[in-house]
Amino acid sequence: MTTTTPTADAPQHPAPKNAFDRFFEITARGSTVGTEIRGGIVTFVTMAYIVILNPIILSSGVDVDGNQLGFAQLSAVTGLTAGVMTILFGLVARLPFGFAAGLGINSFLAVSVVGQVTWPEAMGLVIVNGLVIVLLAATGLRRMIFTAVPMQLKLAITVGIGLFIAFIGFVDAGFVTATGVASPPVGLGAGGSVATVPSLVFILTLLITGVLVARKVKGGILIGLVSGTVLAVVIEAIWNLGPKIANGELVNPNGWGLSVPELSGSPVSLPDLSLVGQVSFGSFERIGVLAALMLVFTLVFTNFFDAMGTMTGLSKEADLADAKGDFPRIKSALVVEGVGAVAGGFTSGSSNTVFIESGAGIGEGARTGFANLVTGALFLLAMFFTPLVSIVPTEVAAAALVIVGALMMAQIKYIDFSDFSVLLPVFLAVTVMPLTYSIANGIGAGFIAWVVVRSLAGKAREISPLLWIVAAGFLLYFARGPVEALFA
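Residues numbered from 1 in each chain as written. Predicted model: local features only at pLDDT ≥ 70, side-chain atom pairs only at ≥ 80, totals over all residues. Heavy atoms only, no water.

I keep staring at the packing of aromatic side chains and nothing clicks. Help me out?
Here the distance between the centres and the angle between the planes together describe a pair of aromatic rings. Following the criterion strictly, the structure yields 26 aromatic pairs and no others. For the ring pair Phe170 and Phe175, a centre distance of 5.4 Å and an interplane angle of 35° mean the geometry is tilted. Accessibility expressed as a relative area gives 24% for Phe170, which makes it partly exposed. Arranged with centres 6.0 Å apart and planes meeting at 90°, the rings of Phe305 and Phe447 form a pair that is edge-to-face. A residue pair is termed long-range when its members are at least 10 positions apart, and Phe305 in helix α12 (residues 289–317) and Phe447 in helix α19 (residues 439–459) qualify at 142 residues. Relative accessible area serves as the criterion here: at 1%, Phe447 is assigned to the buried category. Here a set of aromatic residues connected by ring pairs shows up, and it is made of Phe297, Phe301, Phe304, Phe305, Phe447, Phe474, Tyr477 and Phe478. Lying over the aromatic face of Phe23, Arg94 brings its terminal NZ or CZ to 3.9 Å of the ring centre. One Lys or Arg, Arg142, reaches over the ring of Phe304 and ends 4.7 Å from the middle of that ring. (Phe/Tyr/Trp six-rings, centres within 6.5 Å; stacked < 30°, edge-to-face > 60°. Buried < 20%, exposed > 50% of the residue type's maximum accessible area, 1.4 Å probe, protein only. Helix = DSSP H or I, 4+ residues; strand = E, 2+ residues; numbered from the N terminus. Lys NZ or Arg CZ within 6 Å of the ring centre and 35° of its normal.)

In structure tokens, the structure reads:
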């Protein structure tokens, strides 16, 4: 991959129009206020499902004392934390990366952690995790690790995230489903066919959006999302399909996913923020220091490398990364990302991190932190309009994710596949990510393969010592189950 430097003959962006433009570098990055607003709206629309999904995941977890978190309270703090952190990141890092509760960590908390500790103690561990990440970022160690990653692996992470985003979209739309058998583990739609109305809405929205993007229509992704939502609302009003899942059980295979495109009752409700500050650090006494530290280690590794991979992919997609894969204000971005974990623990909404769905807004043209101000403001409004936010069905939002995944796949053209010691680590990073539903797993597989294969191929001197340390950490991360059982 080559880079060019500006010359007298190269096209230059116009001078900033005012202090606001200069602060966010809107003109300097080739964007406009209208484009940033549009991109911020698209990012919110594709992320809005988290206001519903995060409460579903967290409220399902029963802690060691038999307590559960309330759905309404979780929905409120999810919107609150996402809004505050997205705006903070936009002001400090000035990048168009939206924040919300990380899906990997909230599932880990609900399934694994609260079986050993209480919910306040679990959120205390999330805060400790965030403080560790802030310390690593503030000391520069996190950036050193980021810089030590070879460009080929950074490109692979971008491509892998593209596949991951697309896979999430296919699953959310019901286009790809679990078969429930050993082989094949996944299949097409329901019983090998895509015959449900919601899945057909996904396909139609995908095609409409794809045509608009291909024809370079401004606002193509947003237009596609709006069109798909209107179509879904009309279909639901006529056929009353209802939800696919109710009370955790499959009640209607032909129904909608996480949200039904209809309005029932008042669209306005006051948020219940009673979970804010419900934190305890008693887990170190309850389960022991070593066991608690292993849980923190898992949280840190997941948080650290999920965010690193996501930022790498998004910055490349936005053309904000240089030849080494670094992007503007990288240290500030990494520090604020750690603060997101602290904020998520404090509000009991789980660790907040950069969301890969931000790629939808970037695909719409967002290039600056001003788009984040739009996204964050909409998240804060969502606390008061939860019924209205949920009107966009996941099947429609999923179409945008597939489009973004396709756009991010374009980075594969810069990877050198002629050297097998590069090809194998890249292949593992790209494929393990979507197949294990984890960015961190893909990065870990790529890192370990890189240091082992490249060193034994006679290229050990080209590998940074930090990469060896990180690869060793990933070995421990992948073996954390037996290690945690040892300390339990």
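Explain the environment of Gly255 here, please?
Topologically, Gly255 is positioned in the loop between β5 (249–250) and α11 (283–286). Linking Gly255 and Ile245, residues 10 residues apart in sequence, is a C-alpha distance of 7.9 Å. Ignoring any residue separated from it by four or fewer positions in sequence, one finds Gly255 in contact with Pro198, Leu241, Gly242, Pro243, Lys244 and Glu395. (Contact = heavy atoms within 4.5 Å.)

Is there a simple way to think about a nonpolar patch on the surface in this case?
Taken together, Val226, Val230, Val234, Ile238 and Trp239 make up a surface patch of nonpolar side chains, about 510 Å² in accessible area. Its location among the elements puts Val234 in helix α10 (residues 220–239). (Patch = residues over 30% accessible without salt bridge, like charges linked within 9 Å, V, L, I, M, F, W, Y side chains within 5 Å. Areas by Shrake-Rupley, 256 points an atom, 1.4 Å probe, with all protein chains shown as cover. Salt bridge = Lys/Arg side-chain N within 4 Å of Asp/Glu carboxyl O.)

Quick question: what am I supposed to make of the environment of Gly39 here?
Here Gly39 shows up in helix α2 (residues 33–47). Take Gly39: its relative accessible area is 0%, and that puts it in the buried class. Measuring from C-alpha to C-alpha, the distance between Gly39 and Gly365 comes to 5.9 Å, with 326 residues separating the pair along the chain. Setting aside anything within four residues of it in sequence, one finds Gly39 in contact with Gly361, Glu364 and Ala366.

Help me out: how do you make sense of the side chain of Ser351 in this one?
Summarising the element assignment, Ser351 is placed in the loop between α13 (330–347) and β6 (352–354). Residue classification places Ser351 among the buried residues on the basis of a relative accessible area of 1%. Within the local environment of Ser351, its side chain forms a polar contact with the side chain of Asn303, the two groups lying 2.7 Å apart. Contacts of Ser351, omitting those with residues within four sequence positions, involve Ala100, Ala101, Gly102, Ile105, Val126, Asn129, Asn303, Gly340, Ala341 and Gly344. (Polar contact = N/O pair within 3.5 Å; in protein donor to acceptor, adjacent residues only side chain to side chain.)

Teacher, can you tell me more about the nonpolar core here?
A general feature of soluble globular proteins is that nonpolar side chains tend to end up buried together. Ranked by size, the top nonpolar core spans 122 residues in total, and within it Phe89, Leu109, Trp119, Phe305, Phe447 and Phe474 carry the most contacts. Top contributing element to this core by residue count: α12, with 12 residues. Apart from the residues within four sequence positions on either side, Phe89 is in contact with Arg94, Leu95, Phe97, Phe99, Met311, Ala333, Val336 and Asn372. (Core = buried A, V, L, I, M, F, W, Y, C linked by side-chain atoms within 4.5 Å.)

Help me out: how do you make sense of the packing of helix α8 (residues 151–172) against α19 in this one?
Any two packed helices are characterised by how steeply their axes cross, that is the angle between the axes, and by the distance between the axes. At a minimum axis separation of 10 Å, α8 and α19 run at an interaxial angle of 150°. Taken together, the axis directions place α8 and α19 in an arrangement best described as roughly antiparallel. Between α8 and α19 the crossing geometry is right-handed. Contact residues: α8 offers Gln152, Leu153, Ile157, Ile161 and Phe164, while α19 offers Ile439, Ile443, Gly446, Phe447 and Trp450. (Axes fitted to C-alpha atoms, helices over the stretch in contact; angles between N-to-C directions. Parallel < 35°, antiparallel > 145°, perpendicular 65-115°, else oblique. Left-handed = near helix turned anticlockwise from the far one by under 90°.)

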